[in-house]
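As a plain string of letters, each chain reads:
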Amino acid sequence: MAHILITEDEPRIAAFLEKGLKSHGYATTTVGDAHAALSLAISDEFDLLILDLGLPDRDGLEVLSDLRGQGANLPVLILTARDDIQDKVSGLEGGADDYMTKPFRFEELLARVRVRLRTDNNKSASQPLMMVAHNVMLDLRTRKAKVDDQWIELPSREFILAETFFQHPGQVLSRQQLLDRVWGYDYDPGSNIVDVYVGYLRKKLGNALIETVRGVGYRLAA
Ligand code: CA
């Protein structure tokens, strides 16, 4: 599980980040000032730092330059209310990996967090492997699905089918595409196995999750 250090002094925003990241399978630690952020960020216990610039004791950019000065190379995502191009340039020059201005949508932050953790090759073993759609989450490490708060075991083939839909949100997948991806060559041509397995998934993950596109195939509901 990737561990994210959140440095944010506004409790409302800190709580919003914590809640969202935790629900997507990340561990989080939150601090509200630059001093605590720096001492934790150099501890090598974190996979990513989310860093607010407007902190009560020091400027976040100073934390960043101290961090890089001490050789810490964890990815840093800067978060700030300052919608100011000069800050952005100096932040990126100071060794930040990415930058977001408040207000932001959580989905956008999440996408950037994922990219940062994925491109940080040193930590690839601990990268989160969760996919979420609607009220369903797939844990790609344990190969389990979570519906609302309930964990569900899926047999291998069903899990791969679910994963295939989650990898192509909103995209129509034909029966042939699904056969190729999920069953490879291991099926009887002309069988209705895709329809049968989609039925299994609907029963376990919810009827509305996978839509039938008449005459074409199936898709993950938008
Ligand atoms: Ca602040």
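The rules we used
- Residues numbered from 1 in each chain as written.
- Predicted model: local features only at pLDDT ≥ 70, side-chain atom pairs only at ≥ 80, totals over all residues.
- Heavy atoms only, no water.
- Domains from an automatic or database assignment.
- Core = buried A, V, L, I, M, F, W, Y, C linked by side-chain atoms within 4.5 Å.
- Buried < 20%, exposed > 50% of the residue type's maximum accessible area, 1.4 Å probe, protein only.
- Helix = DSSP H or I, 4+ residues; strand = E, 2+ residues; numbered from the N terminus.
- Contact = heavy atoms within 4.5 Å.
- Donors = N, O, S within 2.8 Å, 3.2 Å for Na, K, Ca; no water.
- Axes fitted to C-alpha atoms, helices over the stretch in contact; angles between N-to-C directions.
- Parallel < 35°, antiparallel > 145°, perpendicular 65-115°, else oblique.
- Nonpolar A, V, L, I, M, F, W, Y, C, P; charged D, E, K, R; others polar.

The next point concerns the domain arrangement of the protein. Each assigned domain of the protein is listed with its residue range as follows: domain 1 (3–119) and domain 2 (130–220). Here the C-alpha centre of domain 2 lies 35 Å away from the C-alpha centre of domain 1.

Residues Leu138, Leu161, Phe165, Phe166 and Leu205 are the most contacted members of the largest nonpolar core, which totals 28 residues. Mapped onto this core, the elements with two or more residues apiece are β6 (130–133), β7 (136–139), β8 (144–147), α6 (156–167), α7 (175–183), α8 (193–205) and β12 (217–220). Every residue in contact with Leu205, bar those within four places of it in the chain, is listed here: Val136, Ala145, Val147 and Ala162. Counting 21 residues, the second-largest nonpolar core is a separate cluster that includes Leu5, Ala34, Leu49 and Ile78.

In this section: the coordination of the calcium ion. All of the protein donors around the calcium ion are Asp9 (OD), Asp52 (OD) and Gly54 (O); their distances to the metal are 2.2 to 2.4 Å. Motif for the calcium ion, donor spacing along one chain: D-x42-D-x1-G. Of this pair, Asp9 sits in the loop between β1 (3–7) and α1 (11–23) while Gly54 sits in the loop between β3 (48–52) and α3 (60–69), and the two are 45 residues apart along the sequence. Under the relative-accessibility criterion, Asp9 is labelled partly exposed at 30%. Since its relative accessible area comes to 36%, Gly54 is described here as partly exposed.

Where α7 meets α8, the axes come as close as 10 Å, and the angle between the chain directions of the two elements is 75°. When the interaxial angle is binned, α7 and α8 end up roughly perpendicular. Facing Arg175, Leu178, Leu179 and Trp183 of α7, the residues of α8 in contact are Ile193, Val194, Asp195 and Tyr197. Classifying every residue of the contact of α7 with α8 by side-chain character gives six nonpolar, no polar and two charged.

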